[in-house]
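A structural walkthrough
Spelled out, the chains give:
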Amino acid sequence: MSHPIFPTHVTLVDVGPRDGLQNEAQPVAATDKIELVHRLQAAGLREIEVTSYVSPKWVPQMADNAQVMAGIQRQPGVRYSVLTPNMKGFEGALASQADEVVIFAAASEAFSQRNINCSIAESIERFRPVAEAAKAHGMKVRAAVSCALGGPYEGEVSLDAVEDVVQRLLDIGSDHIGIADTIGVGTAGRVTAVMERAMKHVPLAELSGHFHDTYGQALTNIYASLTLGVHIFDTSIAGLGGCPYAKGATGNVATEDVVYLLHGLGITTGIDLDALVDAGAFISNVLGRKPVSRVSNALLAKRANARCACPFPCLPFDPTPVPTPTPTPRSDHHEPARPEPPTG
């Protein structure tokens, strides 16, 4: 029985600090975002999507973009990218000395209209000056094809539509093309077909996959991509993310889960899984919830069991604070009990 030939090394782009956190309703402090980036690079990530230069009216979570970029202690060999939807955003990226700008275009006409209020063709033309300015300043341009595996409004997207967007993005000067399953509906067969279309125009060294795990297919889709030689993937620490303009879309595939898969296949990543789990636990604590990553939860539970001397298995990690119980007044004490403090 023949076995698929996989790449020997895979590069992961952690988009958690930007794509992961942008959909969080609760504000996340700039200091926590900076700490997350530091933990990711300490774990071995060499590509990190840090923030976006968008209007705070539309994405208030990214209003601290300049502060976050200024606070990062940069390491040699790490590429720090930012999303730049227009020239104003590019000016912010340039001022913050970003290494790479990220642009995007949907393969779904309906999604493009509802997401950025213009057609696919118009959206790509809007990015032309951004791409030209980035190239003029020696910055790499990474482009994502949103809804390449299906859209929330019109369902399946044709292979021809995906291929057309890929060609248009290359024509305006994009260096890299990412195939994005924005709402997580893709399956291995469809991913293979879409990737093969993209490979007609994009070298493997500049092609990547971006998979959400809405239907639990993200790891399977990564495996299918690996068999084609694709060796760059976007992932998100602790499975953070979603899309504010695609209802029902869950987070990006968890970085921890992908690293576990790759290492199990004998593929190197340069990433320390234990340190990665620590980074995921950190940001999950900040958000007050468990990581979405199954690998993270399993390893955290294993650590807890190793520390515990009792003969019973410990519960998985849960960052939710345990409320302090209100003491019950003694029946022989005549001072009236104090009312409980308000909870909200």
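Now for a description of the structure that goes with this document.

Rules of the game
Residues numbered from 1 in each chain as written. Predicted model: local features only at pLDDT ≥ 70, side-chain atom pairs only at ≥ 80, totals over all residues. Heavy atoms only, no water. Salt bridge = Lys/Arg side-chain N within 4 Å of Asp/Glu carboxyl O. Helix = DSSP H or I, 4+ residues; strand = E, 2+ residues; numbered from the N terminus. Buried < 20%, exposed > 50% of the residue type's maximum accessible area, 1.4 Å probe, protein only. Axes fitted to C-alpha atoms, helices over the stretch in contact; angles between N-to-C directions. Parallel < 35°, antiparallel > 145°, perpendicular 65-115°, else oblique. Contact = heavy atoms within 4.5 Å. Nonpolar A, V, L, I, M, F, W, Y, C, P; charged D, E, K, R; others polar. Pairing = 2+ DSSP bridges. Core = buried A, V, L, I, M, F, W, Y, C linked by side-chain atoms within 4.5 Å. Polar contact = N/O pair within 3.5 Å; in protein donor to acceptor, adjacent residues only side chain to side chain. Right-handed = clockwise from strand over helix to strand, strands pointing away. Arc of directions from axis to C-beta.

**Some words on the pattern of salt bridges**
Scanning all chains against the criterion turns up 20 salt bridges. Close ionic contact of R289 with E24 constitutes a salt bridge, the shortest N to O distance being 2.5 Å. Placement of R289 in the loop between α11 (273-287) and α12 (294-307) and of E24 in the loop between α1 (16-20) and α2 (30-43) is noted, with a sequence separation of 265 residues between them. When its relative accessible area of 31% is taken as the criterion, R289 is described as partly exposed.

**Section: the packing of helix α10 (residues 255-264) against α12**
Closest axis-to-axis distance for the α10/α12 pair is 6 Å, and the angle between their directions is 85°. With respect to α12, the element α10 is oriented roughly perpendicular. In contact with E256, D257 and Y260 of α10, α12 contributes R294, V295 and S296. Its residues assigned to classes, the contact of α10 with α12 comprises 2 nonpolar, 1 polar and 3 charged.

**Some words on the sheet that holds strand β5 (residues 140-146)**
In space, the 8 strands of this closed barrel follow the order β1-β2-β3-β4-β5-β6-β7-β8, with parallel pairing throughout. The sheet shows a mean angle of 30° between the axes of neighbouring strands, direction not considered. Two strands pair when backbone bridges link them, and strand β7 (residues 207-211) and strand β8 (residues 232-235) are joined in this way by 2 bridges, in the parallel orientation. Directly across from G209, in β8, lies its bridge partner F233. Sitting on the sheet, α2 touches β1 (11-14), β2 (47-52) and β3 (79-83), and the angle it makes with β2 is about 170°.

**Considerations on the nonpolar core**
V145, L169 and I179 are the most contacted members of the largest nonpolar core, which totals 87 residues. In terms of residues, this core owes the most to one element, α11, which gives 8 residues. Setting aside residues up to four positions removed in sequence, L169 forms contacts with I103, A105, I124, A143, A144, V145, S174 and I177.

**Side note on the environment of T31**
Inspection of the secondary structure assignment puts T31 in helix α2. Exposure remark for T31: the relative accessible area of 54% places this residue in the exposed category. A sequence separation of 37 residues divides T31 from V68, and the C-alpha atoms of the two residues are 7.4 Å apart.

**Some points on the environment of E24**
Judged by its relative accessible area of 14%, E24 falls in the buried class. For the pair E24 and L240, spaced 216 residues apart in sequence, the C-alpha separation works out to 8.8 Å. Beyond its immediate sequence surroundings of up to four residues, E24 is in contact with Q61, L240, L287 and R289. For E24, the side chain forms a polar contact with the side chain of R289, separated by 2.5 Å.

**Some remarks on the pairing of β7**
Of all 5 residues that make up β7, 5 are buried, and the element is covered over most of its length. Along β7, one buried face is formed by L207, G209 and F211 and the opposite face, lined by S208 and H210, is buried too. Bridge count for strand β6 (residues 176-181) against β7 is 5 bridges, and the pairing is parallel. Counted as the bridge partner of G178 is S208 from β7. You can see the chain leave β6, run along helix α8 (residues 188-199) and come back into β7, and the turn it takes is right-handed. In this region the chain leaves β7, passes through helix α9 (residues 218-227) and returns to the parallel neighbour β8; the handedness of that crossover is right-handed.

**Section: helix α5 (residues 109-116)**
Buried residues of α5: F111, S112 and N115, and no others. Down the axis of α5, the buried set is contained in an arc of 100°. They therefore lie on one face. In this structure, the buried residues of α5 make contact with β4 (100-106), α6 (120-136) and β5. Immediately downstream of α5, the backbone of N117 shows phi near 60°, a positive value.

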